[in-house]
Amino acid sequence: SQSSGTAHHYGIYNAEKDTQDTQKLSLMGDLRASMNKNEVFFHYQPKIDLKTGRMTHVEALMRWIHPERGFVAPDEFILLAEQTGHIHALTAWGLEQTIDACARWREAGYRLKMAMNLSAKDLVNRQLPDQIQRLMTEKRVSAEWMVFEVTESAVMQEPEIVLDTLNRMSDLGLTLSIDDYGTGYSSLSYLKELPVSELKIDKSFVLSLATNKNDQILVRSTIDLAHNLGLKVTAEGVEDQVSAELLKAYGCDVGQGYYFSRPVSEEDLLSYYREQRQAS
Ligand code: C2E
Ligand code: MG
Ligand code: MG
Ligand code: MG
């Protein structure tokens, strides 16, 4: 298609598409090679309980440092993995990593819940709940320590299969969270039919909270509505103190964003945790 808006012109329409596909496959080959080295890894971003100011959760965010291109944004390489059919391998690798990290942290006495993102394609994989259960058993992590973030658009694509997957995950005792809330078209009352207990307000409503009155109204009423439906609320994209204080005043449960911490390496995350607990 012509949709990519690339600056390159190969003359013939099909040739251009072929070239794009070849480039995708070759980049995907690089990703697979990187998975076996330390070029794909996770950074972890603290999620802060706004009542106590303590980090209680972390979100695992996948990183890829390509040997020649350098940093590739996860939005980009995850889409690539979805388009080339490699997302299952990437997710399987990610589950192994995050559940393993969760096990190590529990063993060392860190009380941190681990949240991992799942893509739309993961949710139509009927093997996913068993896969997660197998890893948790193997690494002796109990379900209460794992959270999975799914976007509303992912749920809307094939609602029946996805609902079945989510129900099976919920039956395992896992916490499910709706990510990027507000960017899709689904109503909160529809989402309430899903076995989710948490809602993450998308950062586009939070980034300018301190100064934007419309965002203040939207965020505040979303928090109230979510609470009335029995859901916990996280705000992502908290970048300044005023926004953090507003969210706390609105009764938002959890805050996440650069104001508290950027996504960091495991080592930095755990030292941040230790500092926090020593200070209080
Ligand atoms: P997400 O799950 O909504 O993750 C939150 C994104 O917001 C992250 O971007 C995070 O770095 C960024 N963020 C956090 N706080 C702030 C802030 O205060 N200001 C701003 N401007 N941004 C903030 P990141 O790491 O680039 O990830 C982008 C997306 O890629 C994620 O969005 C998620 O959808 C996807 N992703 C990341 N890791 C994985 C993974 O392991 N599996 C899957 N399926 N998707 C992943
Ligand atoms: Mg997320
Ligand atoms: Mg999000
Ligand atoms: Mg997002």
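So, here is what we can say about the structure in this document. All figures in this text were calculated on a predicted structure; none of them were measured in a lab. (Residues numbered from 1 in each chain as written. Chains lettered and ligands numbered in written order. Predicted model: local features only at pLDDT ≥ 70, side-chain atom pairs only at ≥ 80, totals over all residues. Heavy atoms only, no water.)

### Things to note about the site of ligand 1
Selection criterion: To be near a molecule or strand, a residue needs just one of its heavy atoms within 4 Å of it. Whenever a nitrogen or oxygen atom comes within 3.5 Å of another N or O atom, the pair is scored as a polar contact, on the condition that within protein one atom can donate a hydrogen and the other can accept it, and that pairs from neighbouring residues in sequence are kept only if both atoms are in side chains. The Shrake-Rupley method, run with a 1.4 Å probe, gives the accessible areas here. Residue values count only the displayed protein chains as cover. In DSSP terms, a helix is any run of H or I states spanning at least four residues, a strand is any run of E spanning at least two, and both are numbered starting from the N terminus. Ten residues, namely Ala, Val, Leu, Ile, Met, Phe, Trp, Tyr, Cys and Pro, are considered nonpolar, four, namely Asp, Glu, Lys and Arg, are considered charged, and the remaining ones, Gly among them, are considered polar.
If you check the shell around ligand 1, you find 23 residues, and the closest are Arg 63, Asn 117, Asp 179, Glu 239 and Tyr 258. Between ligand 1 and the protein, one listed contact pairs an oxygen atom with a side-chain N or O atom of Asp 180 at 3.0 Å. One of the side-chain N or O atoms of Lys 203 is found 3.1 Å from an oxygen atom in ligand 1. Expressed as a share of its isolated accessible area of 810 Å², the protein-covered part of ligand 1 is 87%. Those elements that provide at least two residues to the shell around ligand 1 are strand 1 (40-49), strand 2 (54-66), helix 2 (74-83) and strand 6 (175-181). Among the elements that line the shell around ligand 1, the one with the most residues is strand 2, at four residues. For the shell around ligand 1, the class distribution of residues is 10 nonpolar, five polar and eight charged.

### Overview of the coordination of the magnesium ion (ligand 3)
How we decide: Metal sites are built from N, O and S donor atoms within 2.8 Å, or 3.2 Å for Na, K and Ca, and they leave out water, so they may look incomplete. Think of it in three bands: residues with accessible area under 20% of the maximum for their type are buried, residues over 50% are exposed, and the middle band is partly exposed, with areas taken using a 1.4 Å probe on protein chains only.
The magnesium ion (ligand 3) binds to the protein through Asp 179 (OD), Asp 180 (OD), Glu 236 (OE) and Glu 236 (OE), with metal-donor distances spanning 2.1 to 2.7 Å. Donor residues for the magnesium ion (ligand 3) sit on one chain with the sequence pattern D-D-x55-E. The metal-metal distance between the magnesium ion (ligand 3) and the magnesium ion (ligand 2) is 4.0 Å, with Asp 179 serving as a donor to both. Residue Asp 179 is found in strand 6, and its partner Glu 236 is found in strand 8 (residues 232-236); the two are separated by 57 residues along the sequence. The exposure class assigned to Glu 236 is buried, which follows from its relative accessible area of 9%.

### Comments concerning the packing of aromatic side chains
For any pair of aromatic rings, the description consists of the separation of the ring centres together with the inter-plane angle of the planes. Applicable threshold: Two rings from Phe, Tyr or Trp (for Trp, the six-membered ring) form a pair when their centres are within 6.5 Å of each other. A pair whose planes differ by under 30 degrees is stacked, one over 60 is edge-to-face, and the rest are tilted.
All told, the structure shown has six aromatic pairs when counted by the stated rule. On the basis of an interplanar angle of 10° and a centroid distance of 5.8 Å, the ring pair of Phe 42 and Trp 93 is categorised as stacked. With Phe 42 in strand 1 and Trp 93 in helix 3 (residues 87-107), this pair connects stretches of sequence that are 51 residues apart. Summarising the burial analysis for this pair, Phe 42 and Trp 93 share the class buried.

### Regarding the packing of helix 9 (residues 213-228) against helix 10 (residues 241-250)
The condition is simple: Under this scheme, a helix contributes an axis fitted over its contacting stretch, all axes are lines through C-alpha atoms, and angles between N-to-C directions fall in the 0 to 180 degree range. Here a crossing is called left-handed whenever its near helix is offset anticlockwise from the far helix by less than a right angle, and right-handed whenever the offset is clockwise. Two residues form a contact once any of their heavy atoms are found within 4.5 Å.
Two elements in contact, helix 9 and helix 10, have axes whose closest approach is 10 Å; the angle formed by their N-to-C orientations is 35°. In this structure, helix 9 crosses over helix 10, and the sense of that crossing is right-handed. Contacts between helix 9 and helix 10 pair Gln 216, Val 219, Arg 220, Ile 223 and Asp 224 from the former with Leu 246, Leu 247 and Tyr 250 from the latter. Residues of the contact of helix 9 with helix 10, tallied by class, amount to five nonpolar, one polar and two charged.

### Section: helix 11 (residues 266-279)
Note: α-helices contain 3.6 residues per turn, so residues at a spacing of three or four share the same orientation. The condition that has to hold: One less than the number of residues in a helix, times 1.5 Å, gives the span that helix is expected to have.
In this model, helix 11 (14 residues) spans 20 Å end to end at C-alpha, consistent with the 20 Å of a helix rising 1.5 Å per residue. Buried positions along helix 11 lie against strand 1, strand 2 and helix 3.

### Structural notes on unusual backbone geometry
Positive phi is not limited to glycine here, since Arg 140 has a value of about 50°. Note that Arg 140 resides in the loop between helix 5 (128-138) and strand 5 (146-151). Note on Arg 140: relative accessible area 79%, which makes it exposed. Even without a glycine there, the phi angle at Asp 180 is positive, about 55°.

### Some points on the environment of Glu 239
Summarising the element assignment, Glu 239 is placed in the loop between strand 8 and helix 10. Taking the C-alpha atoms as reference, Glu 239 lies 7.7 Å from Phe 260; in sequence the two are 21 residues apart. Contacts of Glu 239, omitting those with residues within four sequence positions, involve Leu 207, Tyr 258 and Tyr 259.

### Regarding the nonpolar core
We count it as follows: In this description, a nonpolar core means a group of buried Ala, Val, Leu, Ile, Met, Phe, Trp, Tyr and Cys residues linked to one another through side-chain atoms lying within 4.5 Å.
By size, the foremost hydrophobic cluster in this structure holds 78 residues, and its most contacted members are Trp 105, Phe 148 and Leu 247. A total of nine residues in this core trace back to one element, the largest contributor, which is helix 3. Excluding anything up to four places from it in sequence, Trp 105 contacts Tyr 44, Val 58, Tyr 110, Leu 112, Met 114, Glu 266, Leu 269 and Leu 270.

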